[in-house]
Amino acid sequence: MQNPLGNNNNNNNQNPFNLNNLPLPPNYAKVVNDQGDIRIAKVGFSWTTLWFGPLPALFRADYYNFILMIVLTLDYGLVALFFGLTSLLQFPWPSIFFSFFYNMMYFRHLFKKGYRPADQRSRELLTRSRYWKGN
């Protein structure tokens, strides 16, 4: 398979299910656990969380962060209503806040579940972005 991303990662293996040399964009990291489960996600700002709120967490089966986002968004709404600050409800402040932090929360939750960077490039990206503390 020819690599369209130009990061010198050409996989000539004929097995279409081999994900070891999967070409990834420069801001995506690959993590793996002891059972061989692989997760690939973006490092940095989460545009999907900005536009869709907690739904990306639900689609990634990241129920812990999904519930956390729902509860904190509802809490934000209740506090705004309690203090009569209804103008704050017209702008999605919780989605903007979580957009900056959700990808980091997702990776750190995966690390607690036993995942680790799958390759050296992912390890360097996660360390440089302060998602992985290098155990």
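All values reported here derive from a predicted model rather than from experimental measurement.

Novice: Tell me what's going on with the pairing of strand S2 (residues 38–42), and back it up with residues and numbers.
Specialist: Every regular strand shows the same layout, with side chains that alternate between the two sheet faces. The sheet contact formed by strand S1 (residues 28–32) and S2 spans five bridges and is antiparallel. Paired with Val 32 across the strands is Ile 38, a residue of S2.

Novice: Give me the environment of Ala 29: which residues, what numbers.
Specialist: Along the chain, Ala 29 turns up in strand S1. Overall, the relative accessible area of 0% leaves Ala 29 in the buried class. Residues contacting Ala 29, with those up to four places away along its chain left out, are Leu 24, Arg 39, Ile 40, Ala 41, Val 43, Phe 107, Ser 122, Leu 125 and Leu 126.

Novice: Before we move on, can you summarise the sheet that holds S1 with the specific residues and values?
Specialist: Here three strands make up an open sheet; going across it, the order is S2-S1-S3 and the pairing antiparallel. For this open sheet the edge positions go to S2 and strand S3 (116–117), each flanked by a neighbour on one side alone. By the bridge criterion, two bridges tie S1 to S3 in an arrangement that is antiparallel. Counterpart to Val 32 in the pairing with S3 is Arg 116. Those strands touched by helix H4 (residues 93–112) are S1, S2 and S3, and its axis lies near 160° from that of S2.

Novice: A description of the pattern of salt bridges should follow, citing residues and the corresponding values.
Specialist: Side chains bearing opposite charge may pair, as long as their charged atoms lie close to each other. Applying the stated criterion across every chain yields a total of one salt bridge. Among the ionic pairs, Asp 34 bridges to Arg 116, the shortest N-O distance being 3.1 Å. Pair noted here: Asp 34 is in the loop between S1 and S2 and Arg 116 is in strand S3, with a separation of 82 residues, a long-range link. Given the relative accessible area of 67%, Asp 34 is considered exposed.

Novice: I'd love a proper account of the side chain of Thr 49, names of residues and values included.
Specialist: Relative to the elements of secondary structure, Thr 49 occurs in helix H1 (residues 47–52). Note on Thr 49: relative accessible area 1%, which makes it buried. Apart from residues lying up to four places away in sequence, Thr 49 is in contact with Pro 56, Met 69, Ser 95, Phe 98, Ser 99 and Tyr 102.

Novice: A description of helix H3 (residues 63–82) should follow, citing residues and the corresponding values.
Specialist: For H3, which comprises 20 residues, the first-to-last C-alpha distance of 28 Å matches the rise-based estimate of 28 Å (1.5 Å per residue) to within 8%. Buried within H3 are the following residues: Asn 65, Phe 66, Met 69, Gly 77 and Ala 80. Each buried residue of H3 sits inside an arc of 110° when the element is viewed along its axis, so together they form one side. Pointing more than 90 degrees away from the buried face of H3 are the exposed residues Tyr 64, Leu 74, Leu 78 and Phe 82. Contacts made by the buried residues of H3 are with H1, helix H2 (55–59) and H4.

Here is what the cut-offs are and how they apply
- Residues numbered from 1 in each chain as written.
- Predicted model: local features only at pLDDT ≥ 70, side-chain atom pairs only at ≥ 80, totals over all residues.
- Heavy atoms only, no water.
- Pairing = 2+ DSSP bridges.
- Helix = DSSP H or I, 4+ residues; strand = E, 2+ residues; numbered from the N terminus.
- Buried < 20%, exposed > 50% of the residue type's maximum accessible area, 1.4 Å probe, protein only.
- Contact = heavy atoms within 4.5 Å.
- Axes fitted to C-alpha atoms, helices over the stretch in contact; angles between N-to-C directions.
- Salt bridge = Lys/Arg side-chain N within 4 Å of Asp/Glu carboxyl O.
- Expected span 1.5 Å × (residues − 1).
- Arc of directions from axis to C-beta.

Keep in mind these numbers describe shape, not what the thing actually does.
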